[in-house]
Structure formats: C-alpha cells, structure tokens
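Coordinates in review
Each chain is listed here by its residues.
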Amino acid sequence: MAYTPKYLSGRDIRQQFLDFYAQRQHQILPSASLVPEDPTVLLTIAGMLPFKPIFLGQRPAPAPRATTSQKCIRTNDIENVGRTARHHTFFEMLGNFSFGDYFKEQAIAWAWELSTEGFGLPPERLVPSVYEEDDEAFAIWRDQIGIPTHRIQRMGAEDNFWKSGPTGPCGPCSEIYYDFHPERGDANIDLEDDSRFIEFYNLVFMQYNRDSEGNLTPLAKQNIDTGLGLERMAQILQSVPNNYETDLIRPIIDKAAEIAGMEYDQADEKTKVSLKVIGDHVRAVVHMIADGITASNTDRGYVLRRLLRRVVRHGRLLGVETAFVGQIAETAIQLSETAFPNVRERDAIIKAELAREEEQFLKTLTRGEKLLAEVLAPKPAQISGADAFTLYDTYGFPLELTQEIAEEQGIGVDVAEFEREMERQRDRARQAHETIDLTVQESLDELAASIHPTEFLGYTASQATAKVEAVLIDGKSVEQAAAGTEIQLVLDQTPFYAESGGQIGDRGYLSGEDAVIRITDVQKESGIFIHYGRVERGTLRAGDRLTAQIDRACRRRAQANHSATHLLQAALRKLVDEGVSQAGSLVDFDRLRFDFNLPRSLTSAELAQVEAQINTWIAEAHAATIEIMSLDAAKARGAIAMFGEKYGAEVRTIDFPGVSLELCGGTHVSNTAEIGAFKIISETGISAGIRRIEAVAGPAILDYLNVRDQVVRELSDRFKSQPEEVVERVNKLQADLKATQKELEAAKRELALAQSDRLLSQAEAVGDLKLLVAEMSGADPESLKTAAERLQQKLGEGAVVLGSVPDTGKVSLVAAFSPAVVKEKKLQAGKFIGSIAKLCGGGGGGRPNLAQAGGRDPEKLPVALSAAKEQLVAGLQ
C-alpha cells in the first residue's frame, strides 16, 4: 500500500521543529543576518556559521542549548538551480545546537523522535549514515534506535566528517535519508541515488581538535551542530517531485507564470527551468536587500546584481519584456514575513532597489542581447574574451550570464582573455572592506583555548593597567618583540575602542618598565581586541603588565563625529524622508561619512535645513542617556539599529531625548553641546538609490575652515581681488576659456578639412567604387568624423576609413560608407569599424553608414588601417 505523508506547510514544519527543541530546553534564537561576522565568507552559507566563534572558544554561548531557523545563501552551484530537484541559492536550515551539553546519544535520539513521531515519517523509509570509523554512532543507531545493521550506511570522510579548516574543531557526521522507493529493497543501497534518496537531516558531532600535524585529540567540551533542510522536508511532507513545487516557492513561480501568461503545470521543461530560477532567485534577492545589501560590482553587491539579472534574463526568455520583479517580490515577502519580519519592515526599500536595478539592466539588456546574438550568429568555437568584456563593461552582462547564454548553444568563452581585459579594473572587484589578516585569524583560533574575550573599559576609562595575553608578528604568535617591530597584541582588558559600527579604532600608547608601544589601530574579532602598533622602545614580552593610554584628543573627535552621525540620521528622517535608513557609515577622527537610502539627490535648500537643524540640536544641549536593555524593549521604544551590526539579547542604546534613539556600541559625547558645530562638506550618489553625506563636527571643523581660508587667501592674492570677488573673477575666466576653446575647435575642424582635401588624391578605385584608408595625424575624434563625412561625400559611392592618435594612449577611428556600400555590398560601418578597433585594444560602433570607434594601443594603428584596407578591397569587389 502506497504511503502518503501527513501534509504540513513550510511554516508549520519550521514552527514544529523549533517547538520540539524549545520543549527540550533549547533557547530559540532569531536567524542571523545574511551578512556574516566571519570575514572569510561573503554571505551566511550555513546554519552553524553564526555560532562559529562559540565553537572555536572565542565567545561564550548564549545558552547551553539553542535552536534556529537560519536563512542561508550559496551560489557555488548556481548553474544547477532549476535543473535539479534540490539545488537553491537561498534556503532555510533548521538547526539544534549543543554547546558542551548533550552529545551523540541524545542528538540521534531526538532527531529520530522528531522525524518519526513529530513529522510522522515511517521508520522503514529512513536510512541513517555514519562516518566509516564512528563505531559509537553506529552502535547508537543499531542498539538504541533499533535500525537493522544492513540499513546503517558507513560513509567516507568526504561525506561524513566535518572540519572547520586544516586545523581546529572537527568531528564525524551522521545523516538521515528519506527513501522514496522502499520497494526497491535493501540490497545494494546507494545513498548517492537522487532518484530514490534525499538527505534531510545532518548531525555533526564536534568532538576533536586537529593540530597542524593532523593529530586528533578529544575536545574538553564536545558540541552538537545539526541542520535539517526546510525545503527538503517540505518536499517530503507535501508529496511533490521537487523543492520548487512546495508552498515555500511554488506561489512565487505561479506569480511569475501569471505575469508571463502561462501555467507552470502545462509548460515544457525549458520553461519550467526559467520559472524555477525566478522562484529561487527572487527569494534570495529579497532577503539580501532586507539585510542591507545593495547591488554593485563587488563582493555581496555583485552576488545580488548577478542573481537579479538572471531573474530578468529568464523573464525575457518567458516573453516578459517589461519590469516585473517587484510584483513577484511582493509574493516572496508575503511568504517570508512571519518568520522574517524585516522583509515586510523594509519592503519599500526592497522594491525600490529591485526597481532601480531592473530598470538599469533593461536599458542595456536589449542592446546587449542583440550584440551577443551577432557574436553567436557565425557559430564560433568560442566567444572571444574581448567580446565578453565589451558585453560586461558596456552592457552590464556578467561574464557568467554570457557563459550561460553561450553554453545553451554549445559555445564556450575565452575566460583567460576576458581576465586580461579586466586587469585594469581589478581593484573594483577586490573586497572593499578591511578585515583582520587571515594569518592573524589562524593564530587567534589556535590561541582561543587560552585567551578570553577582551574586557572593554573604554566607556568609562581612558587609561588602564592590562596584561599582555599574546604578541603576534606577521600573524604568528611570539614570546617577545624588540624595538622597531610592527606587532599585533592582545590584552586581557583595554580602554582602546576597537573598530566597529563605522567608528575607527582608538590610537594611543602602551607603556611598561621595559617597553613603549605606539598603537595605531584596534580591530575586533569574535570578542578579542587586536591592537596594531609598533614597539618604539625596549622589548615587549607576553605576560607583561602595561599601562594602556588612549589619545584623548582623538577620542573626543571620534565621539563628536559619532554623535553628529546620529543627529544627521535624525535630521534626514525628520526633514527629508522618514523612510531614510542607514546603508553604511564611517566615523573618523577628522570627518564623518553617512550612507543612506534615497532615490534622489538632496536639494541645496534641504542640505541647508538639515545642517541648521543639527546645529540647533547642538546648541540646545541635549544630554545623552545611555542604557543597557533587552533588544525587544529597545525596539519597542523605537530605537534605530545600526546598519550591518549584530545584536544579542541585550543591547546598548544612545538616547538624546526628543532627538535621536539608536542601538549603538560606539563612544559618544555626554551632551550635544560638546559637539560644538556641524558642517556638511558634500552630498553625492554612490550607487543606485544610495546617497552619501560627508561632514565634519567638533574640533575637526576648525581644521576644515583653516584649509578653506588658506585656499581663499591664495586665490585672492592670485586674482588681486577681495575674497567676495573671487567667484566673479573665476566665472569671467571660465567664460573666456570657453570662448577660446570654441575658437580652437573651429580652427581644428578647418585644419582637418584642409588635411582631408589633400587625402583625396590617395583614393583608389575598387571596381565601380572608391576607397580611401588613411591616417590624419593628431586629429581629435570630432574633427576625424567631420573629415570622413566630407571625404565620402566628395568621393561619391565608396568607403572612407580614417584613423588618428589624438592623445597619448588613445586611438580614434571613423568609417563612412556610401549607400551602395551598405545596400549592395552589405557592409555596415558600425560592425566593420568595431572589429578593426579591436586590433588597437578597443571597440565601438554606430550606424551602417557612419561609425566611430576607439582604442588604447596607438602602435597598432598602422596594422589596423592596413587590415581595414585589405578587408574593404575584398568586400567592395
């Protein structure tokens, strides 16, 4: 008799899992952000990632037992999304965790109880796996759970042994698989057979520490880390053929199908793939934007942009020509808002970011698809790296999108050449944020067993006595460091603020009987403060007791700028848009920077109002109230969270009553009057929908005004005028310069026309047509174009190609074709000159009769012109 599972919605599965473990003394913790604390990964890729510092011994556990529903994103298998039953970019991992509390016996028993009694899965349909050397887990499954020996599958280390890295915590795994076809029998069970088995629960037994020699020693505290895939359990309990058709994703797919005017169940397989890609990726981009990620060409922003552009492109494959992602996003938000309220709280921001990015991509998509179609039309063995780069640089096509489209036709892409073309833009693709060196991270991991989190004293003290817990040189732990050495060191307690929340780390000095160390930066990793500095005198030794003294002047500057940042956000929300939210910040000693979401620039009047409001609040002398309270209480009072920050159960609030209330761990003035004054320096756009204000406050204003005063004095002296007359003098000079430039351009055009007349004698006859290919020394692009048009008109039916080197490192090319060349010879100036420009390291295009192009290698111009002549001679005959 066929078995039909008891149907449970995705929401019910999630809640039943959390309730099951809550009833067993597990604390339910909220999902961490998709933007992780771990500097080694861009996104939260696993349910255990937020607990990594706890497992490494760098942070105390919030409770002995915990359970979560963690949102995750992985893009390493993006090409499989929509093509297999279970691959996703966004997924939810349900987990139960033990931090030195229960271990294998209890973890296995509860996993089995939840699977069979909680979710009602028949025991005969479940197959456990264990690590091939884990006899203990094997015995638990056999003797306590009662699984027949032949159904317990031993697996190798690749599948069933977890490790955090080459060294550190590790341990065997045990997994539970669901059998869709038990009728096939127990002989020769193959858990790799995806058509029969699906792994839905993974239990990691973190019981060993691996040293640099590969030796395993038992951990003093053994931990449990588990993961149950929500989408996979939904597939099982909802009796659908794949994860996409569960109630977690299917409504998004149906909305996409509705917009495309079709039904999913009636669609062919290729169409279903596109609908599944949209269903998966829209979930991902909604949650990424909700967690503060914006589209860009680097890091997390690039992942977001890539996913969103894949959505748009697959929409195009379904025949959707207009913007549609926002409509589908609303469905994704409705499905997620109960478990993840921030998607509804930020729905306006999510939809605005999606709309801007989609609109921007649609503008170039049509042209890019046309160009790519032209490149693919001759069925080349592969697309050149230069063409792929043009698609990326000019039309916004990610390399992966070009590869995906080409692969559909069995054509490859020259990735090596693409990378060479990208070389000049490499710095844009590097990680934009600064993190602690991984060598330092590795050393901290090794020292974690003996180093406790640093106690921060800096809220109330600027000086303290501290013990040196560790000294590192180039990331390696050492016993001592001599004068002149650049070091990193860890203290047991410190008054130095470590960079976080946008505020940079303190500067200052450490001094003892034998050494003086100048501290230039302080960073924080998993609760450990790393002081960066230089031994100025004597010898520093691990274990020394030192006096730690921050630079009070720098701290006062940072406090003024940080509190001013809070006032700035409050003023923007009050005067510009109450929906303004922070998208990044920098609090330095000499300036502040505040990034925020707004789809337009601020007017001069708005900037003046914001600045005036902040200075009014400063003059009103609002006293700061700093409190520690529960996160729920802070939210209930309306506290604003800082962008990108992670919060525990208790939070610190900075309240300037009646003005601003924010969650913040930074240092601040005790009264707004201490800020002194506030001045906006600039307001600019840094990406779609994100604006940036740079400003100065407190003592830094005097530095800013002194620089401005010196500039005005020098200009006044140079122009022999009073300061108030400088603007008028500059305006007159600009007008004179503009008039002179016009005269110069006119002279250049006349010279180019004169030169072009002398080139007429070089024209050659090719059949009934005329051909002229020549170089015009020093002609700028506009003059070259004017000359080409004039020569073509004088020659009559024929073709003209001109080239020049208008400036160092630049090449300019123009092609002008007569109607006979275009219509009878089927040659197009745009395509022709674009291919010639590639010989000079460039590209371009234009109309069939007139087109311009450029290049970056002047030495190749003679070769390019020779090739142009050779190709035209052949084409005009």
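Now for a quick tour of the structure. (Residues numbered from 1 in each chain as written. Predicted model: local features only at pLDDT ≥ 70, side-chain atom pairs only at ≥ 80, totals over all residues. Heavy atoms only, no water.)

1. Details of the overall build of the chain
Looking only at helices and strands, the chain features 26 helices and 34 strands. Counting all 877 residues of the chain, 51% fall into the buried class. Counting only contacts in the chain whose residues sit at least 6 apart along the sequence, the fraction spanning at least 24 positions is 67%. In the structure as shown, the chain presents an accessible area of about 39600 Å², 48% of it carried by carbon and sulfur atoms. If the 98 positive side-chain charges of the chain are averaged to one point and the 128 negative ones to another, these points end up 5 Å apart. (Helix = DSSP H or I, 4+ residues; strand = E, 2+ residues; numbered from the N terminus. Buried < 20%, exposed > 50% of the residue type's maximum accessible area, 1.4 Å probe, protein only. Contact = heavy atoms within 4.5 Å. Areas by Shrake-Rupley, 256 points an atom, 1.4 Å probe, with all protein chains shown as cover. Lys, Arg positive; Asp, Glu negative; His and termini not counted. Charge placed at Lys NZ, Arg CZ, Asp CG, Glu CD.)

2. Details of the sheet that holds strand β25 (residues 650–656)
One open sheet holds the three strands; their spatial order is β24-β25-β26, and the pairing between them is antiparallel. Each of the sheet's edge strands pairs with one partner strand only, and the pair in question is β24 (625–630) and β26 (660–663). This sheet shows a mean twist of 25 degrees between the axes of neighbouring strands, independent of strand direction. Pairing of β25 with β26 involves four bridges; the strand directions are antiparallel. Within β26, the residue paired with D655 across the bridge is L661. Of the strands in this sheet, β25 and β26 are in contact with helix α18 (residues 552–575), which crosses β26 at around 115 degrees. (Pairing = 2+ DSSP bridges. Axes fitted to C-alpha atoms, helices over the stretch in contact; angles between N-to-C directions.)

3. Focus: helix α1 (residues 10–22)
Taking 1.5 Å per residue as the helical rise, α1 with its 13 residues ought to reach 18 Å, and the 18 Å between its terminal C-alpha atoms agrees with that figure. All of the buried residues along α1 are G10, I13, R14, F17, L18, F20 and Y21. Take α1 and look down its axis: the buried residues cluster within an arc of 160 degrees, on one side only. (Expected span 1.5 Å × (residues − 1). Arc of directions from axis to C-beta.)

4. Structural notes on a negative patch on the surface
A cluster of acidic residues, E158, D159, D190 and E192, forms a negative patch at the surface. Assignment of secondary structure puts D190 in the loop between β7 (168–179) and β8 (197–210). (Patch = residues over 30% accessible without salt bridge, like charges linked within 9 Å, V, L, I, M, F, W, Y side chains within 5 Å. Salt bridge = Lys/Arg side-chain N within 4 Å of Asp/Glu carboxyl O.)

5. Thoughts on the sheet that holds strand β28 (residues 690–697)
Spatially, β22-β23-β28-β27 is the arrangement adopted by the four strands of the open sheet, whose pairing is antiparallel. With partners counted over all chains shown, the strands left at the sheet margins are β22 (582–587) and β27 (678–687), one partner each. Direction aside, the axes of adjacent strands within the sheet are offset by 15 degrees on average. Contacting β27 and β28, helix α19 (residues 604–619) crosses the sheet at an angle of about 135 degrees to β27.

6. A few points about the nonpolar core
In terms of nonpolar packing, the biggest core is built from 107 residues, with I13, F119, L121, W141, F200, Y201 and M288 touching the most fellow members. The element best represented in this core is helix α8 (residues 269–290), accounting for eleven residues. (Core = buried A, V, L, I, M, F, W, Y, C linked by side-chain atoms within 4.5 Å.)

7. Describing a nonpolar patch on the surface
Residues V707, V711 and L715 make up a contiguous nonpolar surface patch of roughly 230 Å² in combined accessible area. Relative to the assigned elements, V711 resides in helix α21 (residues 700–719).

8. As for the packing of aromatic side chains
Here the structure, examined in full by the defined rule, presents 18 aromatic pairs. Relative to Y21, the ring of F20 has its centre 4.9 Å away and its plane inclined at 80 degrees; by these criteria the two rings are edge-to-face. Judged by relative accessible area, which is 8%, F20 ranks as buried. When its relative accessible area of 0% is taken as the criterion, Y21 is described as buried. With centroids separated by 5.1 Å and ring planes inclined at 80 degrees, the aromatic side chains of Y178 and F180 adopt a geometry described as edge-to-face. Residue classification places F180 among the partly exposed residues on the basis of a relative accessible area of 22%. Aromatic ring contacts, followed pair by pair, group F17, F20, Y21, Y102, W110 and Y201 into a single cluster. Between the NZ or CZ atom of R154 and the centre of the ring of F138, over which it lies, the distance is 4.3 Å. A cation sits over an aromatic face here: K272 above Y264, 5.0 Å from the ring centre. (Phe/Tyr/Trp six-rings, centres within 6.5 Å; stacked < 30°, edge-to-face > 60°. Lys NZ or Arg CZ within 6 Å of the ring centre and 35° of its normal.)

9. A short note on the pattern of salt bridges
In this structure the tally under the stated criterion is 42 salt bridges. A salt bridge links E321 to R316; the shortest N-O distance between them is 3.4 Å. Where salt bridges share partners, they join E330, E337, R344, D347 and K351 into one cluster.

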